[in-house]
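# Structural characterization, general
Okay, here's what each chain looks like letter by letter:
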Amino acid sequence: MIEVEFWDYDDVDEMADAVAGDIAFIIESAIDARGECLLAFPGGSTPKPVYEKLAEKKLPWKRVTIIPGDERLVPVDDERSNIKGIAQTFLPLGARVYPIYAEGAEDYVMAGHAADARLKSLKWPPDLVWLGMGTDGHTASLFPGPDLDDAMDAPKGKLVMGIKPDPMPEGAAVERLSLTRSAILQARTIIITITGQEKREILEGAIEDGQSSKLPIGRVLAETEFPIDVHWAP
Ligand SMILES: O=C(O)[C@H](O)[C@@H](O)[C@H](O)[C@H](O)COP(=O)(O)O
């Protein structure tokens, strides 16, 4: 049975404060232990207040590398780009923000191979993979669709894959790059942030279903070997 601990907050602001504090601790511990820190952050809207609280903290940012745990195949200045929000917040602090998508790949599959090669130049595993979740149970860009099984069953060495969601998600109906399940599970720490009763019930159901979950988040969590903190606000 997956070991998941829910941390409930009265509101998003309280959750953002707490999660920013946890990430700051992970950063300081990593740098104490290894002199550097590698973080994988989610895109979407939920993380934004956490990004802001974290950016207020006095940390050795020059020793921190941040990658998006997943990316949309759009130009870096596109509002839908995950690296855009991360770069706007953390580049000014001196952190190294490392894109996984280099425009110009002939298709999403080739973009995945290029991203996988790029990530291999980083010191894996990451100190943190921070995940969000959609109401369809996707996490990172592990969406239901033809590429899901490959991303779930990718070998340990395959860190990133191109993903063609089917159906395409509303709002960002573009092909994606995503950390594979294996890459996510290699993280020293995994945290999840979600808001709202609907997502909480979907996540609790996926945890309950375990290995038999039909949801990507459930199939990721079913393989975890250490406790996962889920931070939730109404
Ligand atoms: O690229 C993305 O969209 C994210 O990485 C994705 O996995 C996100 O975490 C969920 O879609 C939840 O998004 P919200 O926080 O906006 O609900």
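Residues numbered from 1 in each chain as written. Predicted model: local features only at pLDDT ≥ 70, side-chain atom pairs only at ≥ 80, totals over all residues. Heavy atoms only, no water.

Per an unreviewed UniProt entry, the recorded name for the protein chain is 6-phosphogluconolactonase, and the organism is Sphingomicrobium clamense. The Function (unreviewed entry) field of the UniProt record for the protein chain holds the comment "Hydrolysis of 6-phosphogluconolactone to 6-phosphogluconate." Under the UniProt heading Pathway (unreviewed entry), the note attached to the protein chain is "Carbohydrate degradation; pentose phosphate pathway; D-ribulose 5-phosphate from D-glucose 6-phosphate (oxidative stage): step 2/3." (UniProt positions renumbered as here; feature names shortened; annotations may be inferred.)

This paragraph deals with the site of the ligand. Near the ligand lie 13 residues; those nearest to it are Ser-45, Thr-46, Asp-70, Ala-140 and Lys-199. A distance of 3.1 Å is found between an oxygen atom of the ligand and a backbone nitrogen or oxygen belonging to Gly-43. Here Arg-72 contributes a side-chain N or O atom positioned 2.8 Å from an oxygen atom of the ligand. Relative to its unbound accessible area of 420 Å², the ligand is 87% covered by the protein chains. The residue inventory of the shell around the ligand, partitioned by class, reads two nonpolar, seven polar and four charged. (Near = heavy atom within 4 Å. Polar contact = N/O pair within 3.5 Å; in protein donor to acceptor, adjacent residues only side chain to side chain. Areas by Shrake-Rupley, 256 points an atom, 1.4 Å probe, with all protein chains shown as cover. Nonpolar A, V, L, I, M, F, W, Y, C, P; charged D, E, K, R; others polar.)

Another aspect to go through is the pairing of strand 9 (residues 190–195). Burial analysis of strand 9 places five of its six residues in the buried class, which makes it a mostly covered element. Where strand 6 (residues 128–131) meets strand 9, three bridges bridge the pair, whose relative direction is parallel. By the bridge assignment, Leu-131 is partnered in strand 9 with Ile-192. Where strand 9 meets strand 10 (residues 228–233), five bridges bridge the pair, whose relative direction is parallel. Note that in strand 10 the partner of Ile-191 across the bridge is Asp-229. (Buried < 20%, exposed > 50% of the residue type's maximum accessible area, 1.4 Å probe, protein only. Helix = DSSP H or I, 4+ residues; strand = E, 2+ residues; numbered from the N terminus. Pairing = 2+ DSSP bridges.)

One open sheet accounts for three strands, arranged 4-8-7; its pairing is antiparallel. One side of each edge strand has no neighbouring strand; the edge strands of this open sheet are strand 4 (70–72) and strand 7 (160–163). On average, each strand axis in the sheet is tilted by 15° relative to the strand beside it, whichever way the strands run. Note that strand 4 and strand 8 (residues 176–179) share three bridges and pair antiparallel. Bridge pairing in strand 8 places Glu-71 opposite Leu-177. (Axes fitted to C-alpha atoms, helices over the stretch in contact; angles between N-to-C directions.)

As a further point, take the packing of helix 2 (residues 48–55) against helix 3 (residues 82–90). Their axes nearest at 10 Å, the elements helix 2 and helix 3 cross at an angle of 20°. By the angle class used here, helix 2 and helix 3 are roughly parallel. Our pair here, helix 2 against helix 3, has a crossing hand that is right-handed. Within the contact between the two elements, helix 2 uses Tyr-51, Leu-54 and Ala-55 and helix 3 uses Gly-85, Ile-86, Thr-89 and Phe-90. Of the residues that constitute the contact of helix 2 with helix 3, the class distribution is five nonpolar, two polar and no charged. (Parallel < 35°, antiparallel > 145°, perpendicular 65-115°, else oblique. Left-handed = near helix turned anticlockwise from the far one by under 90°. Contact = heavy atoms within 4.5 Å.)

Moving on, we get to the pattern of salt bridges. Within this structure, the stated rule accounts for 14 salt bridges. In this structure, Glu-175 and Lys-164 form a salt bridge, with 3.6 Å as the shortest nitrogen-oxygen distance. Highlighted residues: Glu-175 in the loop between strand 7 and strand 8 and Lys-164 in the loop between strand 7 and strand 8, separated in sequence by 11 residues. By relative accessible area, which is 24% here, Glu-175 ends up partly exposed. Classification of Lys-164 by relative accessible area gives partly exposed; the value is 38%. A network of salt bridges, in which partner residues are shared, links Asp-8, Arg-200 and Glu-204. (Salt bridge = Lys/Arg side-chain N within 4 Å of Asp/Glu carboxyl O.)

Here the focus is the packing of aromatic side chains. Tallying each qualifying case throughout the model produces six aromatic pairs. Relative to Phe-90, the ring of Tyr-51 has its centre 5.7 Å away and its plane inclined at 70°; by these criteria the two rings are edge-to-face. Of the two residues, Tyr-51 sits in helix 2 while Phe-90 sits in helix 3, which places them 39 residues apart along the sequence. The residues Tyr-51 and Phe-90 share a single accessibility class, namely buried. Aromatic ring contacts, followed pair by pair, group Phe-41, Tyr-51, Trp-61, Phe-90 and Trp-130 into a single cluster. The ring of Phe-6 has Arg-200 sitting right over it, with the charged end atom 4.3 Å from the ring centre. The ring of Trp-232 is capped by Arg-200, whose NZ or CZ atom sits 5.0 Å from the centre of that ring. (Phe/Tyr/Trp six-rings, centres within 6.5 Å; stacked < 30°, edge-to-face > 60°. Lys NZ or Arg CZ within 6 Å of the ring centre and 35° of its normal.)

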